[in-house]
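Given next are the chains, with one letter for each unit.
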Amino acid sequence: MLPNLMDAKIRNKSEVKTYYDDYVIPPSVSEYGKGKKYFILTYGCQMNVHDSENIKAILEDMMFDEVSSMDEADLIVINTCAIRENAHNKVMGMLGRIKHLKETKKHNLITVFCGCMAQEEVIANKLKNDYKWVDIVFGTHNIHKLPLYLAKVIDSHKQDIEVYSIEGNIYENIPVKRDSKYKAWVNIMLGCDKFCTYCIVPYTRGKQRSRMPEDIILEVNSLVNSGYKEVTLLGQNVNAYGKDLDINYNLANLLVDVAKTGIDRIRFVTSHPWDFTDEMIDVISKFDNIMPYIHLPIQSGSDRILKLMGRKYTRDEYITLFNKIKEMIPNVSISTDIIVGFPGESDADFEETLDIVKLLKYDLAYTFIYSPREGTPAAKMEDLTPMEVKKKRLATLNSLVNHYALYNNKKYLGKTVMVMLEGHSDKENKLMGYTDTMKLVNVKASDDFIGEIVPVKITDVKTWSLEGELVDD
Ligand code: SAH
Ligand code: SF4
Ligand code: F3S
């Protein structure tokens, strides 16, 4: 079955089902990976990173071992992202390399293409017609069926493409091999129903659907029991958590229940300004283990552009929410996403974006040039701004954003903050970790401290990171 954007766009109230035992490994492949190696390449957001953690565990269930070099692999997985054109280009370039490898060195190499790009109709068709050497193609809804696809391909020696264009169900009990022993991603909801006019995600990830609270709490409890210190609750739009359930339970309720598991640190991304309630702000401010860091994408400072984007809030509503969060959550840090060069964005619209950045002084902002995505409403809007102008806008915005990143970091100088040390820093002899407010800190400390949450005195600040020393407590 191939994906279809038209089908994906028709959202209905059809019931979402949760399946608890849909993951099976056919006997023919249960030991297929013995002595074989896999290599996985992951593009895109945390959700894809977490999906790759599932794919790794599934492959290891079939006895494959992971390698860090593509050349050594017997099976290569490429987990793709469709959010912008450059994500696409990177993947297509990489496919060329893999094809070369398959033709020149490894004729038995099994190639797997999955993730958000596979959900796109044009891409799935292209793989079917022009990339027949790609063995397995599956989308974001059927990761758990990888063993079945592998069995089929081994049996038939033919390409197998299965991408669901249905709105998606929820599959529990898929194994996971987590990249970290200390911090874990936990999906709380899948898909997105917001349909911002520029965005491909509602088509590639399907209908918004929340996992049942008890399944989430069970997962967090088992993480606590295995020694995990931090969970990040994941969703495209976590503030809408629970809206699709019939049980009168929302993100504020979930945050309370997750906080009560006793895990040291709770984070959550991404918050859409539209669904942010006072109750959530209240809960975040009350629990010490809910981190005071909010990613609150604004996208544009111009009401005209926000309307065209379908973001459903105004500049003033956003500012009011931002100020409320700042007032009610002590020391909170706030980051954002901004798109420049949306179709029809004038100099005046862009100035409004700069103004709002000056007003709100974000801790961090991820900035992008608008990239038209086939099948989205914005892709059909007239866009007369030359790329050169868009690039200039991005550069102007970035220098402002960097200025405020440093400005906010300077407030940390001389202060002692709690840092969870996660691993080695790029800098010699240093470990790296994050403050509760999500500031990256490099600290001189021995490996014994990896996985610990420790007090650190900040001795130097830069735009993107802080430097610190351990404090004896
Ligand atoms: N669900 C999240 C966003 C996920 S995508 C939210 O709504 O906040 C991450 C970011 O990519 C978006 O916030 C947006 O800034 C950017 N983005 C999405 N589609 C884009 C496009 N077509 N062109 C450029 N940037 C885009
Ligand atoms: Fe895309 Fe908007 Fe959904 Fe975020 S909320 S994933 S930007 S459609
Ligand atoms: Fe990319 Fe899909 Fe995430 S398009 S940003 S990997 S949801």
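Please read these numbers as outputs of a predicted model, since none were measured by experiment. (Residues numbered from 1 in each chain as written. Chains lettered and ligands numbered in written order. Predicted model: local features only at pLDDT ≥ 70, side-chain atom pairs only at ≥ 80, totals over all residues. Heavy atoms only, no water.)

Participant: Tell me what's going on with the site of ligand 3, and back it up with residues and numbers.
Facilitator: Close contacts around ligand 3 come from G44, C45, N48, C81, A82, I83, C116, R205 and Q236, and that covers them all. Partitioned by chemical class, the residues of the shell around ligand 3 number five nonpolar, three polar and one charged. (Near = heavy atom within 4 Å. Nonpolar A, V, L, I, M, F, W, Y, C, P; charged D, E, K, R; others polar.)

Participant: Tell me about the nonpolar core, and please be specific about residues and values.
Facilitator: Counting 60 residues, the largest nonpolar core has L233, L254 and I325 as its most contacted members. At seven residues, the largest contribution of residues to this core is made by helix α8 (residues 251-259). Both domains that furnish three or more residues to this core are identified here as domain 2 (180-289) and domain 3 (292-410). In this structure, I325 is in contact with F276, I281, I294, L296, V332 and I334, ignoring residues within four places of it in sequence. Counting residues in hydrophobic clusters, the runner-up holds 32 residues, among them A82, V91, L95 and I161. (Core = buried A, V, L, I, M, F, W, Y, C linked by side-chain atoms within 4.5 Å. Buried < 20%, exposed > 50% of the residue type's maximum accessible area, 1.4 Å probe, protein only. Helix = DSSP H or I, 4+ residues; strand = E, 2+ residues; numbered from the N terminus. Domains from an automatic or database assignment. Contact = heavy atoms within 4.5 Å.)

Participant: Quick rundown of the packing of helix α9 (residues 278-286) against helix α11 (residues 315-328)? Include the residues and the values.
Facilitator: Interaxial distance between α9 and α11 falls to 10 Å at its minimum, and their mutual angle equals 25 degrees. Relative to α11, α9 is oriented roughly parallel. The element α9 and its partner α11 pack so that their crossing is right-handed. Along the contact surface, α9 presents D278, I281, D282 and S285, while α11 presents L321, K324, I325 and M328. (Axes fitted to C-alpha atoms, helices over the stretch in contact; angles between N-to-C directions. Parallel < 35°, antiparallel > 145°, perpendicular 65-115°, else oblique. Left-handed = near helix turned anticlockwise from the far one by under 90°.)

Participant: With reference to specific residues and values, describe the sheet that holds strand β17 (residues 416-424).
Facilitator: Strand order in the closed barrel made by the five strands is β17-β18-β19-β21-β20, with mixed pairing throughout. Ignoring strand direction, the axes of neighbouring strands in this sheet form an average angle of 50 degrees. For strand β20 (residues 453-461) and strand β21 (residues 466-470), the ladder comprises five bridges, and the chain directions are antiparallel. The residue of β21 that forms the bridge with V461 is L466. (Pairing = 2+ DSSP bridges.)

Participant: Can you tell me about unusual backbone geometry, naming the residues and giving the values?
Facilitator: Omega for the bond connecting V269 with T270 falls within 30 degrees of zero, at -5 degrees, which places this linkage in the cis form. Tracing the backbone shows T270 in the loop between β13 (265-269) and α9. Located in the positive-phi region is M63, a residue other than glycine, with phi close to 75 degrees. By secondary structure assignment, the location of M63 is in the loop between α2 (46-61) and β3 (65-66). At K312, a residue that is not glycine, the phi angle is positive and equals roughly 65 degrees. Of note, K312 is situated in the loop between α10 (303-309) and α11. With a relative accessible area of 47%, K312 lands in the partly exposed category.

Participant: Give a detailed account of the packing of aromatic side chains, specifying residues and quantitative values.
Facilitator: Applying the stated rule across the entire model yields twelve aromatic pairs. Aromatic rings pair up to connect Y313, Y318, F322 and Y362 into one cluster. (Phe/Tyr/Trp six-rings, centres within 6.5 Å; stacked < 30°, edge-to-face > 60°.)

Participant: Tell me about the sheet that holds strand β14 (residues 293-295), and name the residues and values.
Facilitator: If you walk across this open sheet you meet the three strands as β14-β15-β16, and the pairing is parallel. Unpaired on one side and paired on the other, β14 and β16 (364-369) mark the two borders of the sheet. If you compare each strand with its neighbour and ignore which way they point, the axes differ by 10 degrees on average. Pairing between strand β15 (residues 333-340) and β16: six bridges, direction parallel. In the sheet register, D337 faces β16, and the bridge partner there is Y366.

Participant: Account for the domain arrangement of the protein, with residues named and values stated.
Facilitator: When its domains are assigned, the protein resolves into domain 1 (5-162), domain 2 (180-289), domain 3 (292-410) and domain 4 (413-470). Between domain 2 and domain 3, the contact holds 21 residues from the first and 28 residues from the second. Buried area between domain 2 and domain 3, both sides added, is near 2,100 Å², and the carbon and sulfur share of it is 70%. Its largest share of buried area at the contact with domain 3, domain 2 owes to T197, Y198 and P273, together 35% of the area lost on that side. At the boundary of domain 2 and domain 3, one finds one salt bridge. Among the salt bridges present, the one from K324 reaches D278, with a minimum N-O distance of 2.7 Å. Across the contact surface, domain 2 and domain 3 share seven residue pairs in polar contact (both at pLDDT 80 or more). Among the elements of the structure, β13 and α9 are those that each provide at least two residues to the side of domain 2 that touches domain 3. (Buried area = accessible area lost by both parts, 1.4 Å probe. Salt bridge = Lys/Arg side-chain N within 4 Å of Asp/Glu carboxyl O. Polar contact = N/O pair within 3.5 Å; in protein donor to acceptor, adjacent residues only side chain to side chain.)

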